[in-house]
Amino acid sequence: MKFIRVKEKEFKLFIETKTITSIFAQESNGKSGKFSVFGIDENNQQGYVIRYGCADELRTWKIEELSIVAKSFGFSSIKICFAKLE
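This one's a predicted model, so the numbers in the text were calculated from it and none came from an experiment.

Conventions adopted
Residues numbered from 1 in each chain as written. Predicted model: local features only at pLDDT ≥ 70, side-chain atom pairs only at ≥ 80, totals over all residues. Heavy atoms only, no water. Helix = DSSP H or I, 4+ residues; strand = E, 2+ residues; numbered from the N terminus. Rg over C-alpha atoms; globule rule 2.2 N^0.38 Å. Buried < 20%, exposed > 50% of the residue type's maximum accessible area, 1.4 Å probe, protein only. Salt bridge = Lys/Arg side-chain N within 4 Å of Asp/Glu carboxyl O. Core = buried A, V, L, I, M, F, W, Y, C linked by side-chain atoms within 4.5 Å. Contact = heavy atoms within 4.5 Å.

Regarding its fold elements, the chain presents two helices and six strands. Starting at the N terminus and walking to the C terminus, you meet the elements of the chain as β-α-β-β-β-β-α-β. What you see for the chain is a C-alpha radius of gyration of 12 Å, in line with the 12 Å of a compact globule of 86 residues. C-alpha extents for the chain along the principal axes are approximately 40 × 25 × 25 Å. In the chain, which comprises 86 residues, the proportion classed as buried is 35%.

Quick look at unusual backbone geometry now. In this structure, Lys18 is a non-glycine residue whose phi angle is positive, near 65 degrees. With respect to the helices, strands and loops of the structure, Lys18 is situated in the loop between helix H1 (8–16) and strand E2 (22–27). Residue Lys18 is classed as exposed on the basis of its relative accessible area of 62%. Phi at Gln45 takes a positive value of approximately 50 degrees, unusual for a residue other than glycine. Assignment of secondary structure puts Gln45 in the loop between strand E3 (34–41) and strand E4 (46–50).

Before going further, it helps to spend a moment on the pattern of salt bridges. A side chain of one charge can pair with a side chain of the opposite charge if their charged atoms are brought near each other. Evaluated as defined, the whole model comprises three salt bridges. For the salt bridge of Arg5 with Asp56, the shortest nitrogen-to-oxygen distance reads 3.9 Å. Placement of the pair is Arg5 in strand E1 (residues 3–6) and Asp56 in the loop between E4 and strand E5 (61–62), with a sequence separation of 51 residues. Under the relative-accessibility criterion, Arg5 is labelled partly exposed at 40%. Look at Asp56 and you get exposed, because its relative accessible area is 51%. The salt bridge partner of Lys12 is Glu8, with a shortest N-O separation of 4.0 Å. Taken together, the residues span about one helical turn, with Lys12 and Glu8 both in helix H1 at a distance of four residues. On the basis of relative accessible area, Lys12 is assigned to the partly exposed category, the value being 32%. Note on Glu8: relative accessible area 24%, which makes it partly exposed.

Here the focus is the nonpolar core. Membership of the largest hydrophobic core comes to 17 residues, with the highest contact counts inside it found for Phe11, Ile23, Val37 and Phe73. The biggest single contributor to this core is helix H2 (residues 66–72), with three residues. In contact with Ile23, other than residues within four places in its own chain, are Phe11, Phe38, Gly39, Ala70, Phe73, Phe75, Ser77, Ile78 and Lys79.

Structure follows, in structure tokens:
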């Protein structure tokens with residue numbers, strides 16, 4: 001599945017229009033303890049990931065901030081995936 005980088009405002013719009021139906025967080029390989037938030041459009045098999053508004057880099061949050069992020073998007077839960085341990 002390909003993930004399109006979108007700004008947070010676009011991501012929220014996709015949630016409001018029910019385009020994004022589920023979200024999850026993935027720990028960054030380069031930044032331990034930092035997570036990016038992804039959304040899935042299950043009908044079209046399309047993924048979206050939040051990027052910073054001024055740069056084309058993935059936006060990250062600390063794990064303790066993820067519940068606030070999920071609730072702000074109207075979700076009651078969020079799946080969390082950790083980077084592989086080596």
